[in-house]
Amino acid sequence: MHWFGFGFNAFAQICVQEKSDKEDSSSAAGEVKVNVPIELKNHVGRSKIRASWSRRASLFLDEEKSVRLAGFCAFISNESFSPVMVDTRGCRDAIISETHFTLAFPDRIECWDLQSKEKVPSWSMEILTQSQNSDVNLPLVPGGYISSKTPIFHSLSSHLQAKSLALGGEHAILLTAAGAVYTWGQGSHGELGHGGLIPEEEPRTVEALWGMSMRSVAAGGWHSVCVGDGGDLYVWGWNESGQLGLPSRGLRKASQQKSEPQAGELCGSVSACLGEERHEEVYISIQAFPALVDVSPSCEIRTVSCGSRHTAAVTTTGCLYTWGWGEYGQLGHQTTTSLDEPKCVEFFRNESLHVVDVVCGPWNTFTAAVKKEVLAM
C-alpha cells in the first residue's frame, strides 16, 4: 500500500524539497500548493494517516507500531519527518490537532499538549479491561470522547452505543452501532442536519436519516457527510465552496465570469434566446437537511473524508472523487479551481492505482492506493 498527498504543504507536511531538486523550479516538493498527488516517502506496509492544518501524523501498524510526525512540529527534533519525543511504541491509534497529540495504547490513552514543554501527558486514561480496549476508536474513548480544546474529555451516554465519531470545526457527528446518526454543537451553517440553524448542547438524532442504516460519518469545518449501508452518500451543512457537491452560486458566477462572451457574441446569444423560456437555476448556500448526492452512477461509496471546505470519497471500484474548495490543490486535479460537483481524480486511474482509503486535513488530502495488478494476484 502506498500513500499520496496533495494540497497545502507550507510546513512540508506532504513533502520536502530535496537538495538535488533545489535547482528544479518545476519540482512540486517544497511548494506551498501541491495540486497533483505525490507519493509519501517511507510509507511501506500497513499505516494510517492523521492530519491537522500544519501537521501530519503517520501511524505504522506492522512491526514498528509507532508514530512519526511531519510538518510544523515543535514537539519533535529538527528533522522534516521524525519520531516524536515520547515513546509511541505499541500505539494502536493516534490523532493530531494544532494543539494536542493523542495516542491510544492497549492499556491507556495519552493526550500531549504540543505547546507545553512538560514531559508528562496533559491528560491520560487507563484502560482497565480488554473489552474497553476493543472499543477505542479515536476520538472515542471509554465513557466518552476527547477533543482538541479544554476540557479534553467529554462524557457520552452508554445508551448511544457509539461506534465512531467525527469532530468538525464546531460540531460533532456520531454513528451508533445500530447505524443511527446523532449530531450536536453549533448549527449556524446547517451542519447538524436538523432543519434549523440553532445549536444543540446534547446529541440529537438526525431524524431525516431515521430508519436508514449508516456505516460511516465524517465532518468538515461546517459540513457533515455519511455513507449508508448501500453505498449512498448524504451531505448537509455549508456549501459556500461547493463542498456538498450541490450547486454553489459563488462558484457558478465565477465560472460564468471567466467564460463571458465578447460584446458581439453576447448580442448574438441574446437574439437567439428571444422568445425562449428562461429557467432560474437553483443554488444551495446552506443545506439544513441531509441531501443525497450522486457521486458516481455506476458504483457505491466505500469511504469518505472531509477537509475544512472540501470533500473526498472513495468508490467500491477504487476511484477517488473530490469536490469543494481547491485553492491549494487539495482536490488533486492539477489545478487550484474549486468544484461544486464530484470529479474523479484521474491521476490514480492513469497510474493503474486502486484507491482504498482517503483522509483529509483541513486544506489537504491524503490517499492510500495499491497497484491494480497486486489486487489481481
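See the structure printed just above.
Predicted model, so just to flag it, every value in this text is computed and none were measured.

Participant: How would you sum up the overall build of the protein? Please name residues and give values.
Facilitator: Counting secondary structure elements, the protein contains 5 helices and 27 strands. Looking at the protein as a whole, 51% of its 377 residues are labelled buried. Considering only contacts in the protein between residues 6 or more positions apart, those separated by 24 or more positions represent 49%.

Participant: Which residues make up the pairing of strand β15 (residues 171-176), and what are the values?
Facilitator: Burial of β15 is extensive: 6 of the 6 residues sit out of reach of the surface. Residues His 171, Ile 173 and Leu 175 point to one face of β15 and Ala 172, Leu 174 and Thr 176 to the other, with burial holding for every one of them. A loop of 3 residues connects strand β14 (residues 162-167) with β15, the two strands running antiparallel in sequence. In the sheet, β15 pairs with strand β16 (residues 181-185) via 5 bridges, with the strands oriented antiparallel. Across the sheet, His 171 pairs through a bridge with Gly 185, a residue of β16. With antiparallel pairing between neighbouring strands as the criterion, β15 and β16 make up a hairpin whose turn holds 4 residues, including Gly 179 at a positive phi of roughly 90°.

Participant: So what about the sheet that holds strand β25 (residues 339-344)? Which residues, and what values?
Facilitator: Spatially, the 4 strands line up as an open sheet ordered β22-β23-β24-β25, and their pairing is antiparallel. Each edge of the open sheet carries a strand with a single partner, namely β22 (301-306) and β25. Here the strands of the sheet are splayed against their neighbours by 15° on average, with no regard to which way each runs.

Participant: Residues and numbers for the pairing of strand β18 (residues 214-219), please.
Facilitator: Along β18, 5 of the 6 residues are buried, which leaves the element largely enclosed by surrounding structure. Here β18 pairs with strand β19 (residues 223-228) via 5 bridges, running antiparallel. From the neighbouring strand, Val 217 faces β19, where its bridge partner is Cys 226.

Participant: Run through unusual backbone geometry, naming residues and quoting values.
Facilitator: The omega torsion of the bond from Leu 138 to Pro 139 falls at 10°, within 30 degrees of zero and hence cis. The peptide bond linking Thr 150 to Pro 151 adopts the cis configuration, its omega dihedral lying at -5°. Within the secondary structure, Pro 151 is located in the loop between β12 (144-146) and β13 (153-155). Backbone geometry places Gln 161, a non-glycine residue, at a positive phi of 50°. With respect to the helices and strands, the residue Gln 161 is situated in the loop between β13 and β14. With a phi angle near 55°, Ser 352 is a residue other than glycine that sits in the positive phi range. Relative to the helices and strands, Ser 352 resides in the loop between α4 (346-350) and β26 (353-360).

Participant: Can you explain the nonpolar core? Please cite residues and give values.
Facilitator: One broad trend across soluble globular proteins is that nonpolar side chains are buried collectively. The biggest cluster of nonpolar side chains holds 26 residues, and the ones touching the most others in it are Trp 3, Leu 320, Phe 348 and Phe 366. Looking at this core, the elements with two or more residues in it are β1 (2-8), β2 (33-39), β3 (47-51), β23 (310-315), α4, β26 and β27 (364-371). Among the elements that line this core, the one with the most residues is β26, at 6 residues. The contact partners of Leu 320, leaving out residues within four places of it in the chain, are Phe 6, Ala 312, Ala 313, Val 314, Lys 343, Cys 344, Val 345, Phe 348, Val 355, Val 358 and Thr 367. Membership of the second largest hydrophobic core comes to 18 residues, among which are Ala 291, Val 304, Ala 313 and Trp 323.

Participant: Explain the side chain of Thr 367 residue by residue, including any values.
Facilitator: Tracing the chain through its elements places Thr 367 in strand β27. Apart from residues no more than four positions distant in its own chain, Thr 367 is found in contact with His 2, Trp 3, Phe 4, Phe 6, Leu 320, Phe 348, Val 355, Asp 357 and Val 358.

Participant: Got a sec to walk through the sheet that holds β1? Specific residues and values, please.
Facilitator: Spatial strand order, β2-β1-β27-β26: 4 strands in an open sheet with antiparallel pairing. Pairing within the sheet leaves two strands with one partner each, and these edge strands are β2 and β26. The mean inter-strand angle of the sheet, taken between neighbouring strand axes irrespective of direction, is 20°. One ladder, built from 4 bridges, connects β1 with β2; its direction is antiparallel. In the strand pairing of β2, Phe 4 is matched with Glu 39.

What counts, and at which threshold
Residues numbered from 1 in each chain as written. Predicted model: local features only at pLDDT ≥ 70, side-chain atom pairs only at ≥ 80, totals over all residues. Heavy atoms only, no water. Helix = DSSP H or I, 4+ residues; strand = E, 2+ residues; numbered from the N terminus. Buried < 20%, exposed > 50% of the residue type's maximum accessible area, 1.4 Å probe, protein only. Contact = heavy atoms within 4.5 Å. Pairing = 2+ DSSP bridges. Axes fitted to C-alpha atoms, helices over the stretch in contact; angles between N-to-C directions. Core = buried A, V, L, I, M, F, W, Y, C linked by side-chain atoms within 4.5 Å.

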